[in-house]
Amino acid sequence: MGRVISRMGIVSVCAGALVLSGCLGSAEGEGFEEEVVETEQAMGVECAGATATVSFTGSADWESVQTYNTPSCYKGVVVDVNNILFPGGVATATVYWADSAPTTQAACEDSYVAADVFKWVSGSWSYHFSMDDHGVWNAGTGKCQTPLVGDGLGTGQSFRFALTARTSASSSASTRKVGIQTGGI
């Protein structure tokens, strides 16, 4: 029992020292801010003001080129779908890795797809939600399940999608082909 209390005391002292030294702190510390800055550089609300790369009415089925960088939407492509339709159901959007699948586990698990979704409200694009995913390596087959994201949307409304596919989630990572399909359930 004496050893347990003694070890708990040592752990408490060590944890206190880390907090006081600044190595362990709140989420508002410098490390957190740097991570947010990188994410903001990757894509973000600034994509609402970008010029659309391509526009559709009703539905979309489109794939990008491998290298892209839309002004005001860093390493992203911007797809507008006006008056998205799926009669009799819920409109959906699926964003996917449209390039060749990575062939190693590390490259697969680093592969990344992200989408920022904006909705047309009162004459401007309003942030709606974000979604992202990484590839999953299947050890049994030795193949990569490439990243894919999707969600339901309101039919008859207009949406802007800021999309990216990259070799990793880092803002410095190389872009890859990204695709979008809209449909319904």
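Residues numbered from 1 in each chain as written. Predicted model: local features only at pLDDT ≥ 70, side-chain atom pairs only at ≥ 80, totals over all residues. Heavy atoms only, no water.

Caption draft 1: Focus on the state of the cysteines. For the structure on display, the rule yields 2 disulfides. At a sulfur-sulfur separation of 2.1 Å, the disulfide partner of C47 is C73. Its S-S torsion of approximately 85 degrees makes the covalent link between C47 and C73 right-handed. Separated by 26 residues along the polypeptide, C47 in the loop between α2 (30-42) and β1 (54-57) and C73 in the loop between β2 (61-63) and β3 (77-82) bring together distant segments of the chain. Each member of the pair, C47 together with C73, is buried. Across a sulfur-sulfur distance of 2.2 Å, C108 and C144 are joined as a disulfide pair. Around the S-S axis, the bridge from C108 to C144 shows a dihedral of about 80 degrees and counts as right-handed. Of this pair, C108 sits in helix α3 (residues 105-110) while C144 is found in strand β8 (residues 143-145), placing the two residues 36 residues apart along the sequence. For the pair C108 and C144, a shared accessibility class is recorded, and that class is buried. Shown here for the chain is a disulfide pattern of 1-2, 3-4, where each number marks a bonded cysteine counted in sequence order. (Disulfide = S-S within 2.5 Å. Helix = DSSP H or I, 4+ residues; strand = E, 2+ residues; numbered from the N terminus. Buried < 20%, exposed > 50% of the residue type's maximum accessible area, 1.4 Å probe, protein only.)

Caption draft 2: View of the environment of R166. By the secondary structure assignment, R166 is in strand β10 (residues 159-166). Sequence separation between R166 and Q66 is 100 residues, and the spatial gap between their C-alpha atoms is 9.4 Å. Side chain to side chain, R166 and T164 meet in a polar contact 2.9 Å long. (Polar contact = N/O pair within 3.5 Å; in protein donor to acceptor, adjacent residues only side chain to side chain.)

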